[in-house]
Amino acid sequence: MPQQVATRTGPPSGGRSERRGRATGPSLSRTATAAFALAALLATAIAIRFAFESAALRQIAPAASALASGVGVAAGLGIAASWRVAGGSYRRMQLAFFALGALAGVGAPLAVATHRYSDAPPGSEVLFLTTACWAAMLAVLVGARGQRLKTIAGAVLGLAGAAGIVANWERPSSFSVFVRYRSEELWMLAAGVAWAALWAYAERAAAARKDPGGLASAAVGAAAGALALALSRWEMADIGDALLSPAFWAIAASSAVVWASSVVAFRRGSSRLLAAAWFLPAAALTALTAIEQALKPFGIQPILLGQAAAGAVVAAAGAVLVAGAASARTSPGSSAPPIARAAALAASACALVALVTPALVARVFATRVDGSAFQASFTLLGAETVGGWAVLGLSLVGLAAAFSRRSGSRGTLLATAALASAALPLVWSTPLHTLSSAIPSEIQVDYGSEFASIRFEALRVPVLWFAVAGALAATAVVWWRSRPEAAGEDPGRGDAS
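Since the structure is predicted, the reported quantities are computational estimates derived from the model, not experimental observations.

Along its length, the protein carries 17 helices and 3 strands. Looking at the protein as a whole, 51% of its 497 residues are labelled buried. Partitioning the intrachain contacts of the protein with sequence separation of at least 6 by distance along the chain shows that 84% fall at a separation of at least 24. Total accessible area computed for the protein in this model is approximately 22800 Å², and 63% of it derives from carbon and sulfur atoms.

The structure is reproduced here in structure tokens:
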């Protein structure tokens, strides 16, 4: 006897939905697991490509490295994109995709490679700027309507977590973004605008159901850009010799994998899943290093694994929020109780105060060239630490829970807030810069040697922990009140998250 399957129907005008059955189709947990696995694989591919590019810049010219990326982008998009011919009103859109493909596929790698000089800026800064910062740009550009606060909270947590990873790759850390190489690092952010614009435009076209071969046009644009770069820099960048280098083809192959995987992620979960994956390459690269050390160490292990792992947890929490903002499996929920809103607002106020509150004291001890002793100290505010920004992200999670009327995301908000809060004690006191204008440069270059050292001491910042407690309390209260049992609803209509 065939079984009856309950279906979801829209509520009648002026009434409530009477959905009593379970929706058909794949389970949400299976879908979420597949999305997480895809994001993890994409993040690993990005990390591997970054490692290849960093090594190759010692062997081939920046233009040759950008050419290799362009070849890989064109191949990756060409393999994964849908090739459909369209005319009429779609031609203008295809031209836009063509231009964005050239900018994102060739112009962006060229801007990054041209402004990397051997080991400067440090790899930790380059990775942070070209992954987490690019991800934040894309997340903000494509934030879902009604879920922008959740998206921004995820982006802030993702940035803080990624910084917490790379700033704990060594002690003293070389991570001091926008301190020494501001011009070069601004160029890397500008390159990210082109990358984010391509995927945001693709998102817009897909939402309007007007994407007749748009990514295929982007692949053609990347190929055209690569050809133009090769012809203009053939002799200047020794392109002929670079084509014989394994490093060139390693970059091309890894770029092809990254961009083909990006198309798959885009189709699977929109550009928000793509942005979520871009918060995680630092975690993937750290995991690869840990595996290498466990199996066959090729050198010393400078990474502070506990702190880096905590940063990875915070970054993953932010990525989950950004990816989850794409979900349409939400339903209008009741407004949050006043106590939850008050707690969320108080947590946000405390988080803002924490940003301008002294959080760390750096003490410098050195021996000058003439043999005299040097001692100095300077103070870092909360905005100069991982903790300051992570707590701001948590406070935004509390606000999203308390002021959003979409009940379907409240379980995810509570889970990610709890996860990030649990990791915070290990990573909150990580400084975002080691270098300071208060210390002579000839001393700072000797950090970590027998001639100079720097030590950071954490200060008591009660307002920071008040913000954490308030955000958690607000999110927990909202989640508790939104449960089907608490709302007096049928449990079969529970939280889809």
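There's more to say after this.
The next thing to look at is the pairing of strand β1 (residues 358-367). Here β1 runs beside strand β2 (residues 373-381); their pairing, made up of 9 bridges, is antiparallel. What sits directly across from V361, in β2, is T379. The pairing of β1 with strand β3 (residues 452-458) spans 7 bridges and is classified as antiparallel. Each bridged residue has a counterpart across the sheet, and for A366 the counterpart in β3 is A452.

When pLDDT is averaged across the protein, the result is 86; 85% of the residues are at 70 or more. Note on residues 1-28: pLDDT is under 50 here. Beyond four places in sequence and across chains, it has 21 contacts. Segment residues 489-497 is flagged for pLDDT under 50; beyond a separation of four residues in sequence, or across chains, it makes 23 contacts in the model.

This part takes up the nonpolar core. Residues F128, L138, W195, W199, W259 and W278 are the most contacted members of the largest nonpolar core, which totals 125 residues. For this core, the element with the most residues is helix α9 (residues 246-278), which contributes 12 residues. The contact partners of F128, leaving out residues within four places of it in the chain, are C133, L159, A162, A163, V166 and F175. Judged by nonpolar contacts, the second largest core, of 19 residues, contains I60, A226, A242 and A247.

About the thresholds
Residues numbered from 1 in each chain as written. Predicted model: local features only at pLDDT ≥ 70, side-chain atom pairs only at ≥ 80, totals over all residues. Heavy atoms only, no water. Helix = DSSP H or I, 4+ residues; strand = E, 2+ residues; numbered from the N terminus. Buried < 20%, exposed > 50% of the residue type's maximum accessible area, 1.4 Å probe, protein only. Contact = heavy atoms within 4.5 Å. Areas by Shrake-Rupley, 256 points an atom, 1.4 Å probe, with all protein chains shown as cover. Pairing = 2+ DSSP bridges. pLDDT = per-residue confidence, 0-100. Core = buried A, V, L, I, M, F, W, Y, C linked by side-chain atoms within 4.5 Å.

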